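Residues per chain are reported as follows:
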Amino acid sequence: MKSPCDEFSRARPLLGTIVEITARSSHQPDAEQAINRAFAAIAVVQRRMSFHDRNSMLSRVNAEAFARPISVDEKTFQVLGMARDLYVLSNGVFDPTIAPYLEHTGFLPRFFGKAAGKRISFADVELLQGSRVRFRHAGMRLDLGGIAKGFAVDEAIAALRTAGIESALVNAGGDLRAFGRHLFPVEIRHPVRPERPLAVLPIGNQAVATSAHYFADRLRLGARTGPFVHPGFGQLRGDLTSVTVIAPNAMLADALTKIVMLDPGQSPALLQRLSAAALIFDSKGSVLCTPNWHETLKAAA
Amino acid sequence: MKDWIPFVAAPAALASTAVPGFANTYLTVEQAQQAIFPGSVVTPFRITLTPDQQKNIEFRSGVRVRSRELKVWKVSGGGWFIVDEVLGKHEYITYALGLNAGGTVKQIEILDYRETYGYEVREATWRQQFVGKTIQAPLKLDGDIRNISGATLSSRHITEGVKRLLATYEVALR
């Protein structure tokens, strides 16, 4: 007879937030070892793809990829490939080359020299054979902040699965993903009335991510702005106060919240195509969702 | 915005009650000692900082020292185990820091945290158990998604706490 599953949770400060991992297992040492491996997998992503770490692989790319093609590790190249796909699918709305704008507005540290004066886009990033990256212009840099956190969650999930865990949840400050037969309750809070959850989603084999304005708000010239930059307008913007996306994996969910935030009009079609759905709070306080919200939630439960 | 429809919550969600705050415990002190230093023997190390040490630590770390009483254990075979608390406007976190024999960070484990928000914070009697200030945006937690065990805590306070403990090691333990 199979022994019943217990839930084991651990939390550590990583990725600029608190990452919580919950594994369900009938054997505590197995669960703990699997959780340790999952945290280690997240730490690897952080070391490679953080803009905030001068020694990360990404910082090396940002410092040198105009001078010469830079070889990167397979995972970083995989994330860059996904970023390019999303850049194309979103008609340029998702664009990691907005980094200099985020430096200028204080959302990212200023590690590098003068930013390129001309208009730069992800089309100016060359992904070459042999996992190499080259910039077409001087003064370019990439910020993978809109996608790497989700990827880190996916890597942790993969580590837990490989370790033989049956069901688990990885939650990196609101970017979360579950796998296995167990349904984990996930609350969506109202942005203005957080004490009352708007909905509790049963999350099984699925990822959920939220982007909200006040997270990284800065007071600038008397106006509140969030770190969402529309490349076409070259300005911080966002008419929505909060966006929640359900998607098959956390990398996609993470990136799609940014796309919806910047381009709510066009994004329902893209979400549908990627088996994802979204829930938004607009500035007037209305709560809206894509028509496929309920079915998407059900499909992966 | 034509492709968006009004969100109607499932009946179960409407039935859910208010959540005034949230608390979760991950590890006891003993469990954290075993998690960070498996198989080692840890011995309580009684230490109270002098006012001079306190000033020195604040100078080195740039972080305020709230309590001169430390919760420190010495680890057999070298190393230190320290339990510390950080307080924010919306959170209260207890964590353990394991230091290698040379004073470098071995591992950090969160033991437990509580979070809360909004107007409750203004209630003086209620606030006493969570005294503390944060430079972070007051609505930081709002609008976030979390599962029942929460996810919205910034790690900034812990980063500052670790900075303070590393200075404490230099000043008082080394």
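What you are looking at is a predicted structure, and each value in this text was computed from that prediction instead of being measured. (Residues numbered from 1 in each chain as written. Chains lettered and ligands numbered in written order. Predicted model: local features only at pLDDT ≥ 70, side-chain atom pairs only at ≥ 80, totals over all residues.)

### Re the confidence of the model for chain B
All names here are of chain B.
Part 1 of the argument: Per-residue confidence for chain B gives a mean pLDDT of 74, with 66% of residues at or over 70.
Part 2 of the argument: Here strand 8 (residues 145–147) is the element of chain B with the lowest mean pLDDT, 28, and strand 4 (residues 71–75) is the one with the highest, 97.
Part 3 of the argument: Below a pLDDT of 50 lies the segment residues 13–20, which in the model reaches 12 contacts outside its immediate sequence neighbourhood of four places, other chains included.
Part 4 of the argument: Under the prediction, the complex receives an ipTM of 0.77, its pTM being 0.84. (pLDDT = per-residue confidence, 0-100. Helix = DSSP H or I, 4+ residues; strand = E, 2+ residues; numbered from the N terminus. Contact = placed C-beta atoms within 7 Å.)

### Topic: unusual backbone geometry
Residue and element names in this part refer to chain A.
Part 1 of the argument: One non-glycine residue, Leu15, lies in positive phi territory at about 55 degrees.
Part 2 of the argument: Note on Leu15: 22 C-beta atoms within 10 Å, which makes it buried.
Part 3 of the argument: Phi angles above zero are rare outside glycine, and Ser131 is one such case at about 50 degrees.
Part 4 of the argument: Tracing the chain through its elements places Ser131 in the loop between strand 4 (125–128) and strand 5 (132–135). (Buried ≥ 20, exposed ≤ 12 C-beta atoms within 10 Å, placed from the backbone.)

### A short note on the packing of helix 1 (residues 28–49) of chain A against helix 3 (residues 74–89) of chain A
All names here are of chain A.
Part 1 of the argument: Interhelical geometry of helix 1 versus helix 3 gives an angle of 70 degrees and a closest axis separation of 10 Å. Taken together, the axes of helix 1 and helix 3 lie roughly perpendicular to each other. Where helix 1 approaches helix 3, its residues Val45, Arg48 and Met49 are matched on the opposing element by Lys75, Thr76 and Val79.
Part 2 of the argument: Per-class residue counts for the contact of helix 1 with helix 3 are three nonpolar, one polar and two charged. (Axes fitted to C-alpha atoms, helices over the stretch in contact; angles between N-to-C directions. Parallel < 35°, antiparallel > 145°, perpendicular 65-115°, else oblique. Nonpolar A, V, L, I, M, F, W, Y, C, P; charged D, E, K, R; others polar.)

### A look at the sheet that holds strand 10 (residues 206–212) of chain A
Part 1 of the argument: With antiparallel pairing, the nine strands of this open sheet are ordered in space as 1(A)-2(A)-6(A)-7(A)-10(A)-15(A)-16(A)-17(A)-1(B). What marks the edges here is a single partner per strand, and that holds for strand 1 (6–14) of chain A together with strand 1 (5–6) of chain B.
Part 2 of the argument: Of the strands in this sheet, strand 1, strand 2 (17–25) and strand 6 (167–172) of chain A touch helix 1 of chain A, which is tilted by about 25 degrees from strand 1 of chain A.
Part 3 of the argument: Along the sheet, helix 6 (residues 250–262) of chain A makes contact with strand 7 (175–179), strand 10, strand 15 (240–247) and strand 16 (277–282) of chain A, crossing strand 15 of chain A at roughly 150 degrees. (Pairing = 2+ DSSP bridges.)

### With respect to the nonpolar core
Part 1 of the argument: By size, the foremost hydrophobic cluster in this structure holds 124 residues, and its most contacted members are Ala38(A), Ala156(A) and Ala253(A).
Part 2 of the argument: Ranked by residue count, the leading element in this core is helix 6 of chain A, at 10 residues. (Core = buried A, V, L, I, M, F, W, Y, C linked by C-beta atoms within 7 Å.)

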